Amino acid sequence: MATFLYKLGRFAFRRRRYVVLVWVALLGLAGVGAATAPSAPADNFTVPGTEAQKAFDLLHERFPGTNADGASARIVFKAPGGQKVTAGPNKAAVKQVVAELGHTPQKATAADPYTADAVSKDGTTAYTTVTYEVKSAEITDATHKAIEDAAQHGRDAGLTVEAGGTALQASPSTGNSEAIGVGIAAVVLLITFSSLVAAGLPLLTAIMGVGVGIASITALASTFGLSSTSSTLASMIGLAVGIDYALFIVSRHRHELMEGRDGEDAAGRAVGTAGSAVVFAGLTVLIALAGLSVVNIPMLGKMGMAAAGTVALAVLIALTLIPALLGFAGPKVLTRKARKGRAVADGKPNMGTRWARLVVRRRVPFLLAGVVALGLAAIPMSSMQLGLPDDGSQPVSTTQRRAYDMLSDGFGPGFNGPLMVVVDGAHSDSPKAAAQQVKKTISGFADVKAVTEPAFNPKGDAATLSVVPVSKPSSAQTEDLVHVIRGHSGEFTKATGAEVLVTGTTAMNIDVSQRLNDALLPYLALVVGLAFLLLMIVFRSVLVPLKAALGFLLSVLAALGAVVAVFQWGWLSGLIGVEQTGPIMSMMPIFMVGVVFGLAMDYEVFLVTRMREAYVHGETPQQAVVTGFTHGARVVSAAAVIMISVFAGFIGSSEAMIKMMGFGLAIAVAFDAFIVRMTIVPAVLALLGRAAWWLPRRLDRVLPNVDVEGEQLRKTLTEQPRSAAEEEREPAVI
C-alpha cells in the first residue's frame, strides 16, 4: 500500500492543477445539487420493535385523521397572588388565550381547561394542551411566534403564562462554537508549524471536505431520507478528522523536505507513510460510525452513515488534495529559518523525546499511575442512570422549564409526563368493558395519581387512556410503573381478550434508553473486534492492538465517570453552567464509544506507526518508542488540543444535552491522548519489548502485508533511484 500511495502522492503533486480543479468541481456540483434538491424531510424518530412504536402504529391505523406523534404544546396559567384562575377576569383572559391558540398558522386544537378538568385543586393554576397535526420538527417559526404572542396577551392581562411541550422544541443553538473551535485550531497549527502556509493547509482542506460532505448530504437528503440533523454529526466529525489527517501528512512532508528531498519525492513519501496511517485510521472511524446501524434506530444509523461518508471524503482529500496544495506551496510550508538553511539541530532533544525517555525509564510507576488515575475517574460510572431529556432538564431561565415547574407545583410532577395506554379490543367480546377493566386495575397501582376515562375510536374497537404518574417523567418510579403496566398485559389479554400497550413520550424515552443500553455491548464488540483485526494487519502484532483496545476502554469509562460526576452528581456543575442535574442522556455511552473510538485509534495509529517504522528499520524496542515520540508526539498533542478545543466549545451551549456531549467528548479526548497514548502506551511497549511486535507465524502468512511503515517502499526507493527522465519531469514550484 505504501508504494501505491507514494505514487499517488507524487502524481497529485505533479498534476496539482488538475487535482485542485477536480475537487473544486466536486464542491461546485455538490453545491448545485444541494441548492436544487428538495427540502430535507423532518426527523422521523421511529424505534422499530418497541412496544411504544407498536402502539403509535396502532393509533395511526385505528384513529384515522389523528397524528399520535404530532407536536403538542402546554400553556400553563397561574393567577396573581391571592387570586384564582376561575375568577371572572382571569377566566376570560385564559379563554381568550385558548381561542388564539386554536387559530395558529398550522392547524391546531386547544382544549378548554375549564371543561377538560385542567384546573388545579387550589384553583391557582390551569393549563391547556394544544395539539398539532404536524410533528415537532415541522412546526414553523410563524407558529412559534403565534404561541408566544398568545402567551404574552395572557401576561398583559395579569396572569403568569409559560409554555412547554414538543411544539416549542427548536434546534439547540451552540452559538459560535464551531467558529471558536476553528480559531483555536488555527492558533495551535500556527504554533505547531511556525508557518502560516503550513497552518492554513489543514484548515483549508478540512473545510473543503466538510463543504463537499454537507452539500452532498443535503443533495441526497430526500432520496435517502436524511433529516436535517444528519449533517450535525457529519460536520463535527468531518472537521475533526479532516484537520487531523492533513496535519499528519503536512508534518511528514516537512520532515522529508528537511531531510533534503525535493518537493515531489517528499510529498510522495509523506503520502506513502503518513498517508498509509491515514487510510487505516480512517477505516477505524468508518467502522465505528457505520456500526451505529446495529442499534436499529434508523435515524441514528443514517446519521452514522452520513458522517462516515464525510470521513471517507476527508481521507481522499488528505491523499490527493493535500499533496497537490503542497506543490503550490513549495518550500513555504517550512519555517523561515528552515527555508534559509539555518534550521540546524542544536542537539537538544525535544519535549516528546524527553518525556518518552522518562516514561521508558520509569515505565512501571507511570503505567500504574495512568491506570489508577483513569480507574478512579471511572468510579462514578457504576451509578450512572440513563434517560432522555425533557423540559425539566432545560435551564431555569427558559419558559419551558418554568412551565414544567408550574405544572409540577399545581398538579404534581407526573403531569409533565403522562403515559398513554392503548387498548386494542379488536379480539375482545366487549371492548368497552375491557377498557374499563384496564382503567380500574391501573388506578390501583402504586405511583398512579389519575387515570382518565377511555376515549374510543369511531369503530369502537380501540381506546386510549391517559395515566398520570405520581413521580416525574425521568424518575426510576415512573419507569417502574411502565414496566408494571406492561407486566400485567398478559393478564389483561387473558381476562378480556384485549391487548394493552403503553406509549407516549415518556414510554418512548424509556424504550429508546433500553434499546441503546441493550445495543451497547454488541456495538462495542463489533467495533472493537473489527478494529482489532485491522490494527493487527497494520502493526503485525497481537499485543499492540489488544493494548490499544484496552486503553480505549479505560479512557471511555473514565470519561463517562466524569460525565456522571458533573451532570448527575453535580460536582463542579456550577463551573460549566449545569443548572439541573439528572439522568445521563441514554445516547451518550454509545455515541461516545463511536466517536471517541475513532479519534483514539487515529492517535494510536499515527503514534505507534512511527514506533513500528523505527523498529522495522533496526532500532531496539525502547529506542523505537523514543523515536516515535520524537517525530509524532508534538503533532499528536496538537491534534488532541484542537479536538478538545472544538468539543469544549459546545459546553457553552444553553442546551443541557449539547453541553453534556461537548464536555464528555472533550474530557474523553484529553484522557485518551494524554494519559493513554502519551503515558500508558509507551510504558506498556517498553515493558513488552520485542514481544510487543510478536505475531504467530501462521497469522503472519495469512494476514496481508499492507506495509504501513513503508519498509517495502524504502527498499524500492533504495534499489531503484529516480531516473534522469524522472528528474527532468520535476515541475517548477509555483
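A few words now on the overall build of the chain. Tallying secondary structure elements over the chain gives 25 helices and eleven strands in all. Taken over 734 residues, the chain has a buried fraction of 54%. Sequence separation of at least 24 residues holds for 79% of the intrachain contacts in the chain that already meet a minimum separation of 6. Split by element, the accessible area of the chain, about 30800 Å² in all, is 60% carbon and sulfur.

Turning our eyes to something else, we now look at the packing of aromatic side chains. Scanning the model with the defined rule gives seven aromatic pairs in all. Where W355 meets F366, the ring centres are 5.2 Å apart and the plane angle is 80°; that geometry is what we call edge-to-face. With W355 in helix α12 (residues 351–361) and F366 in helix α13 (residues 363–378), this residue pair connects regions lying eleven residues apart in the sequence. With a relative accessible area of 32%, W355 lands in the partly exposed category. The class for F366 is buried, based on a relative accessible area of 18%. Ring plane angle 65° and centroid distance 5.2 Å describe the contact between W569 and W571, whose orientation is recorded as edge-to-face. Ring pairing ties together the aromatic residues Y127, F411 and F415, which thus form one cluster. Cation over ring: R16 sits above F13, and NZ or CZ is 5.2 Å from the ring centre. Positioned above the aromatic ring of Y127 is the side chain of R74, whose terminal nitrogen or guanidinium carbon lies 4.9 Å from the ring centre.

This next bit is on the confidence of the model for the chain. Chain-level pLDDT for the chain is 84 on average; 91% of the residues reach the 70-or-more range. No element of the chain has a lower mean pLDDT than helix α25 (residues 724–728), at 43, and none a higher one than α13, at 94. Throughout residues 723–734 the model reports pLDDT below 50, and contacts reaching past four residues in sequence, or to other chains, amount to 21 contacts.

Quick look at helix α19 (residues 543–568) now. Between the first and last C-alpha of α19 there are 36 Å, a value that for 26 residues agrees with the 38 Å anticipated at 1.5 Å per step. α19 sits mainly inside the fold: 20 of its 26 residues count as buried.

Nonpolar side chains tend to gather and get buried jointly when the protein is soluble and globular. Ranked by internal contacts, the top residues of the largest apolar core, which has 179 residues, are L233, Y245, I249, F552, F567 and M588. Ignoring sequence-local partners within four residues, the contact set of L233 consists of G238, L289, M303, A307, F591 and V595. Listed in part, the 25 residues of the second largest apolar core include A73, F77, A79 and L168.

The final tally for this structure, using the stated rule, is 22 salt bridges. A salt bridge links K439 to E453; the nearest nitrogen and oxygen atoms lie 3.8 Å apart. Of this pair, K439 sits in helix α15 (residues 431–443) while E453 is found in the loop between β7 (448–451) and β8 (455–456), placing the two residues 14 residues apart along the sequence. We note a salt bridge from E604 to K547, for which the minimum N-O separation is 2.4 Å. A residue pair is termed long-range when its members are at least 10 positions apart, and E604 in helix α20 (residues 588–616) and K547 in helix α19 qualify at 57 residues. Assigned by exposure class, E604 and K547 land together as buried. Each of R252, E256, R261, D265 and R269 takes part in salt bridges that share partners, so that together they form one network.

Moving on: the side chain of T143. Take T143: it is sitting in helix α5 (residues 141–156). Given the relative accessible area of 0%, T143 is considered buried. Reaching out from T143, the side chain makes a polar contact with the side chain of Q106 at a distance of 2.7 Å. Apart from the residues lying within four places of it in its own chain, the contact partners of T143 are T104, P105, Q106 and Y132.

Moving on, we get to the side chain of D424. Position of D424 relative to the elements: it lies in strand β6 (residues 419–424). Assessed through its relative accessible area of 10%, D424 is described here as buried. Engagement of the side chain of D424 in a polar contact is seen with the backbone nitrogen of A426, the distance being 3.2 Å. Ignoring anything within four residues of it in the chain, the contact list for D424 reads L58, R62, D461, A498 and E499.

What follows covers unusual backbone geometry. Located in the positive-phi region is S194, a residue other than glycine, with phi close to 55°. Examined against the element boundaries, S194 turns out to sit in the loop between α6 (177–193) and α7 (196–224). Here S194 falls in the partly exposed class, since its relative accessible area comes to 48%. In the Ramachandran plot, N296 falls in the positive-phi region, its phi being about 65° despite a non-glycine side chain. Along the chain, the position of N296 falls in the loop between α9 (263–290) and α10 (298–329).

The next point concerns helix α4 (residues 88–101). Three- or four-residue spacings in an α-helix give side chains the same orientation, since the helix completes a turn every 3.6 residues. In this model, α4 (14 residues) spans 20 Å end to end at C-alpha, consistent with the 20 Å of a helix rising 1.5 Å per residue. Considered for burial, the residues of α4 that qualify are N90, A93, V94, V97, V98 and L101. Down the axis of α4, the sector holding all buried residues measures 135°, keeping them to one side. Buried positions along α4 lie against β1 (72–78), β2 (108–110), β3 (125–132) and α5.

What counts, and where the lines are drawn
Residues numbered from 1 in each chain as written. Predicted model: local features only at pLDDT ≥ 70, side-chain atom pairs only at ≥ 80, totals over all residues. Heavy atoms only, no water. Helix = DSSP H or I, 4+ residues; strand = E, 2+ residues; numbered from the N terminus. Buried < 20%, exposed > 50% of the residue type's maximum accessible area, 1.4 Å probe, protein only. Contact = heavy atoms within 4.5 Å. Areas by Shrake-Rupley, 256 points an atom, 1.4 Å probe, with all protein chains shown as cover. Phe/Tyr/Trp six-rings, centres within 6.5 Å; stacked < 30°, edge-to-face > 60°. Lys NZ or Arg CZ within 6 Å of the ring centre and 35° of its normal. pLDDT = per-residue confidence, 0-100. Expected span 1.5 Å × (residues − 1). Core = buried A, V, L, I, M, F, W, Y, C linked by side-chain atoms within 4.5 Å. Salt bridge = Lys/Arg side-chain N within 4 Å of Asp/Glu carboxyl O. Polar contact = N/O pair within 3.5 Å; in protein donor to acceptor, adjacent residues only side chain to side chain. Arc of directions from axis to C-beta.

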